Amino acid sequence: MLGLPDSVHVCLFDLDGVLTDTASVHRAAWKDTFDPVLKAHGLPEFTADDYAEYVDGKPRLDGTRDFFASRNLDLPEGDDDDPDDAETIHAVAKRKNAEVQQHIQDDGVVVFDDARVYLEAARAAGLRRIVVSSSANTEQVLQVTGLVELVEGRVDGRTIDEQHMRGKPAPDSFLAGAALVGADPSNAAVFEDATAGAEAGRSGRFGAVVGVNRLDDRHGSELRAHGATVVVHALTDLLPGSA
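The notes below deal with the structure included here. All chains use their own residue numbering, which begins from 1 and follows the written sequence. Selection of residues for local features in this predicted model requires a pLDDT of at least 70, selection of side-chain atom pairs for listing and counting requires 80 or more, and totals for whole chains, interfaces and linings are taken over all residues. Excluded from the side-chain calculations are hydrogens and water; all other atoms, namely the structure's heavy atoms, are used.

1. A word on a negative patch on the surface
Phase 1: To count toward a patch, a residue needs a relative accessible area over 30% and no salt bridge; like charges are then connected within 9 Å, while nonpolar side chains (Val, Leu, Ile, Met, Phe, Trp, Tyr) are connected within 5 Å. Each accessible area value is a Shrake-Rupley result obtained with a 1.4 Å probe; residue values ignore everything except the protein chains displayed when judging cover. Any carboxyl oxygen of Asp or Glu that lies within 4 Å of a side-chain nitrogen of Lys or Arg is treated as forming a salt bridge with it. Only four residue types enter the tally: Lys and Arg on the positive side, Asp and Glu on the negative side; His and the chain ends are excluded. Positions of charges follow a simple convention, taking NZ of Lys, CZ of Arg, CG of Asp or CD of Glu. On the surface, Asp79, Asp80, Asp81, Asp161 and Glu162 cluster together into a negatively charged patch.
Phase 2: Along the polypeptide, Glu162 turns up in helix H7 (residues 157–162).
Phase 3: Taking the relative accessible area as the measure of exposure, Glu162 reaches 61% and is therefore exposed. Segments assigned H or I by DSSP are reported as helices when at least four residues long, segments assigned E as strands when at least two residues long, and all are numbered from the N terminus. Burial here depends on accessible area, computed with a 1.4 Å probe over protein chains only, as a share of the maximum for the residue type. Under 20% is buried, over 50% is exposed, and the range in between is partly exposed.

Take a look at the structure:
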């Protein structure tokens, strides 16, 4: 049904890069946040490749830790009470979130046309629809874009933090999304644009892992290598008659 195995009746959608064009917003916010720290330590600037390799799809704190570890930069962990300008993992992550919220407030959020069409088709077909995102701003984005009317629930960065889940590439958040509608993972499809998310879909043994490649051929190959069972450039590629 809708390009998915017959056994699948639940869709678990990542948000950034799958339903909305907020991946570019996050990428810019990470760069604005990381580059001053890197410059202070005489290190090269944050790149798009760094985003894809160390940050994309992960909870904010995990992405911060993993990126700085990749540059052999050992910052103290700190905590949520750190001053905004402190050089700790928590303070840097907090600055990044403030950057994203400012972008959303100033510029709004773009919904991919193909994503809205697919969501509407999935609703019409009776498929269950849950958003699973590492972003703590998921609720705000769903409200701003009107996508809240097309989905039934969400597991997001706040859920991950409150329930002490492991972030992607662990499958915990997707498993929680399936549990929201009482579904076995084998009856659910994961929709992901990040390699960490595709890997989470594979390790969770979901019925399908749809890699959404809005970048280039190399990224499509990486999605397959990390567990995507099918890779599309747009969600509408899955619809009947799209070939």
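Back to the text.
2. A look at the pairing of strand E5 (residues 208–212)
Phase 1: Most of E5 sits out of view: five of its five residues are buried.
Phase 2: Residue alternation in E5 divides its side chains into two sets, Ala208, Val210 and Val212 and Val209 and Gly211, and both sets are buried.
Phase 3: By the bridge criterion, four bridges tie strand E4 (residues 188–192) to E5 in an arrangement that is parallel. Within E5, the residue paired with Glu192 across the bridge is Gly211.
Phase 4: Sheet analysis places E5 next to strand E6 (residues 230–232), joined by three bridges and oriented parallel. Paired with Gly211 across the two strands is Val231, which belongs to E6.
Phase 5: Note on the crossover from E5 through helix H10 (residues 217–225) to E6: the handedness is right-handed. Each pair of strands is called paired provided DSSP finds at least two bridges between the two strands. We call a crossover right-handed when, viewed with both strands directed away from the observer, the connection leading from the first strand over the helix to the second proceeds clockwise.

3. Side note on empty space enclosed by the protein
Phase 1: Residues are said to line a cavity or pocket when one of their atoms sits within 4 Å of a point; the points come from a 1 Å grid over protein atoms alone, cavities being sets where a 1.4 Å probe fits but cannot get out and pockets being open sets with protein on both sides within 12 Å along at least five of seven lines. Grid points are joined across faces, edges and corners, and a volume is the space filled by probe spheres set on the points. On inspection of all chains with the given rule, the structure shows one cavity of 30 Å³ or more.
Phase 2: Reported here for the largest cavity is a volume of approximately 200 Å³.
Phase 3: Taken together, 20 residues form the lining of the largest cavity, with Asp16, His26, Lys58, Ser134 and Ser135 sitting closest to its centre.
Phase 4: Those elements that place two or more of their residues in the lining of the largest cavity are helix H1 (22–40), helix H2 (48–55) and helix H4 (89–107).
Phase 5: Residues are grouped as follows: Ala, Val, Leu, Ile, Met, Phe, Trp, Tyr, Cys and Pro are nonpolar; Asp, Glu, Lys and Arg are charged; every other residue, Gly included, is polar. A per-class count over the lining of the largest cavity returns five nonpolar, seven polar and eight charged.

4. Things to note about the layout of surface pockets
Phase 1: What the largest pocket holds in volume is close to 590 Å³.
Phase 2: In terms of lining residues, the largest pocket is bounded by 20 residues, among which Pro59, Arg60, Leu61, Gly157 and Asp161 are the most central.
Phase 3: Those elements giving two or more residues to the lining of the largest pocket turn out to be helix H3 (60–70), H4 and H7.
Phase 4: Here the lining of the largest pocket is built from residues that sort into six nonpolar, six polar and eight charged.
Phase 5: In this structure, the second largest pocket encloses a volume near 450 Å³.
Phase 6: In terms of lining, the second largest pocket is formed by 22 residues, of which the most central are Arg27, Ala52, Asp56, Leu215 and His219.
Phase 7: Those elements that place two or more of their residues in the lining of the second largest pocket are H1, H2 and H10.
Phase 8: Here the lining of the second largest pocket gets five residues from one element, more than from any other, and that element is H2.

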